[in-house]
Amino acid sequence: MGSIWEYANPVKFIRTSEIVLPWVSILATVTLIAGLVWGFFFTPDDYRQGSTVKIIYLHVPAALMAINVWFMMLVTSLVWLIRRHHVSALAAKAAAPVGIIMTLIALVTGAIWGQPMWGTWWAWDPRLTSFLILFLFYLGYIALWEAIDNPDTAADLTAVLCIVGSVFAVLSRYAVNFWNQGLHQGASLSLDKKENVADVFSTPLYVCIAGFVLLFIALVFLRTRTEIHKRRTKALLARERLG
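Residues numbered from 1 in each chain as written. Predicted model: local features only at pLDDT ≥ 70, side-chain atom pairs only at ≥ 80, totals over all residues. Heavy atoms only, no water.

In the annotation of an unreviewed UniProt entry, the protein chain is listed under the name Heme exporter protein C and assigned to Shimia gijangensis. Looking at the Sequence similarities (unreviewed entry) heading of the UniProt record, one finds this comment for the protein chain: "Belongs to the CcmC/CycZ/HelC family." A UniProt comment under Function (unreviewed entry) is attached to the protein chain, and it reads "Required for the export of heme to the periplasm for the biogenesis of c-type cytochromes." (UniProt positions renumbered as here; feature names shortened; annotations may be inferred.)

Q: Give a description of the UniProt feature "transmembrane region" (unreviewed entry) in the protein chain that names residues and reports values.
A: UniProt's feature table lists "transmembrane region" (unreviewed entry) at residues 20-43, 55-82, 94-114, 126-145, 157-176 and 203-222, given in the numbering used throughout. The distance separating the terminal C-alpha atoms of residues 126-145 is 29 Å; by composition the span is 100% helix and 0% strand. Secondary structure content for residues 203-222 is 100% helix and 0% strand, and the end C-alpha separation is 29 Å. (Helix = DSSP H or I, 4+ residues; strand = E, 2+ residues; numbered from the N terminus.)

Q: Give a description of helix α2 (residues 56-83) that names residues and reports values.
A: Its 28 residues place the ends of α2 40 Å apart at the C-alpha level, agreeing with the 40 Å of an ideal helix rising 1.5 Å per residue. Downstream of α2 by a residue or two, Arg-84 has a phi angle that is positive, lying close to 60 degrees. (Expected span 1.5 Å × (residues − 1).)

Q: Give a detailed account of the pattern of salt bridges, specifying residues and quantitative values.
A: What the rule picks out here adds up to 6 salt bridges. Glu-227 serves as the salt-bridge partner of Arg-223, at 4.0 Å between the closest nitrogen and oxygen. In this pair, Arg-223 and Glu-227 both sit in helix α6 (residues 199-242), 4 residues apart, roughly one turn of the helix. With a relative accessible area of 28%, Arg-223 lands in the partly exposed category. Residues joined in a network through salt bridges with shared partners are Lys-93, Arg-223, Glu-227 and Lys-230. (Salt bridge = Lys/Arg side-chain N within 4 Å of Asp/Glu carboxyl O. Buried < 20%, exposed > 50% of the residue type's maximum accessible area, 1.4 Å probe, protein only.)

Q: Explain a nonpolar patch on the surface residue by residue, including any values.
A: The grouping of Ile-33, Val-37, Trp-38, Phe-41 and Phe-42 at the surface amounts to a nonpolar patch, some 560 Å² of accessible area in total. By the element assignment, Val-37 lies in helix α1 (residues 10-41). The class for Val-37 is partly exposed, based on a relative accessible area of 34%. (Patch = residues over 30% accessible without salt bridge, like charges linked within 9 Å, V, L, I, M, F, W, Y side chains within 5 Å. Areas by Shrake-Rupley, 256 points an atom, 1.4 Å probe, with all protein chains shown as cover.)

Q: Lay out the packing of α2 against α6 with the relevant residues and their values.
A: Remark: α2 packs on α6, axes separated minimally by 9 Å, with the N-to-C direction vectors making an angle of 40 degrees. Comparing their axes, α6 and α2 come out oblique. Our pair here, α2 against α6, has a crossing hand that is right-handed. Contact residues: Ile-56, Tyr-57, Leu-58, Val-60, Pro-61, Ala-62, Leu-64, Met-65, Val-69 and Met-72 in α2; Val-200, Phe-201, Pro-204, Leu-205, Cys-208, Ile-209, Phe-212, Val-213, Phe-216 and Val-220 in α6. Within the contact of α2 with α6, the residues separate by chemical class into 20 nonpolar, no polar and no charged. (Axes fitted to C-alpha atoms, helices over the stretch in contact; angles between N-to-C directions. Parallel < 35°, antiparallel > 145°, perpendicular 65-115°, else oblique. Left-handed = near helix turned anticlockwise from the far one by under 90°. Contact = heavy atoms within 4.5 Å. Nonpolar A, V, L, I, M, F, W, Y, C, P; charged D, E, K, R; others polar.)

Q: Lay out the layout of surface pockets in plain terms, naming residues and giving numbers.
A: A probe as big as a water molecule, rolled over the atoms, marks out the empty space that is left. By volume, the second largest pocket amounts to about 510 Å³. Residue lining of the second largest pocket: 20 residues in total, with Tyr-7, Phe-13, Thr-76, Val-87 and Ala-91 positioned closest to the centre. When residues of the lining of the second largest pocket are traced back to their parent elements, those giving at least two are α1, α2, α3 (86-118) and α6. For the lining of the second largest pocket, the element with the most residues is α6, which contributes 5 residues. Looking at the lining of the second largest pocket, its residues break down into 14 nonpolar, 6 polar and no charged. (1 Å grid on protein atoms, 1.4 Å probe; cavity = no way out; pocket = protein on both sides within 12 Å on 5 of 7 lines; lining within 4 Å. Points joined across faces, edges and corners; volume = space filled by probe spheres on them.)

Q: An account of the packing of α2 against helix α4 (residues 126-147) is needed here, citing residue identities and associated values.
A: Direction vectors running N to C along α2 and α4 enclose 45 degrees, while the axes themselves pass 11 Å from each other. The angle between α2 and α4 places the two elements in the oblique class. Of the two elements, α2 crosses α4, and the hand of that crossing is left-handed. Here Ala-63, Ala-66, Ile-67, Val-69, Trp-70, Met-73 and Ser-77 of α2 lie close against α4, whose contacting residues are Phe-131, Leu-134, Phe-137, Tyr-138 and Tyr-141. Here the contact of α2 with α4 is built from residues that sort into 11 nonpolar, 1 polar and no charged.

This is the structure:
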């Protein structure tokens, strides 16, 4: 069995992702459609929140992905800093736009879900505030990549930014545990059955989460392939200019 580092080779990554990408894309589409249709049309209204509870099938998966995408970027950035594998740096770059969209979905759906319950679209709640800061870190990460011409320098600086931003990713995940005050409810999914949502809601929610994860994998494969091709094209153009 080959080493995992083989896939840090751009050619190997392109060949492998070419095989895997169609299957992951199909699985993501089927799982997402099944989860969302099940959740929105075949689950009852909540006795307190009514039909607004069904926003959970977008909000929770998007919020989980927003945080975990940043952690994936952290891991690949550390691989770049330690081993200087270009595919890992490009994978982090490819994941960032997906992560910022997930964060935006989480913020918007959270506002829609919270307004009927809290009587306001926004509150400076610990989790909401840390999520907003995480969104700004995503913006800064993407802007930093675009602002620096040298790709290795850009990868170095964005990796450092990713490490710093990880503090807010942790806060976004555990804010309700760190601070008791705030409007945001506790975790929707928990090992404690008293805190966990009812099975009628949690089962389709797990399907939606799986769909979001598969969608993320498909998009990262696709975008990393694009970044590798762009890097090759720039290198070829630079050689032509020198030649």
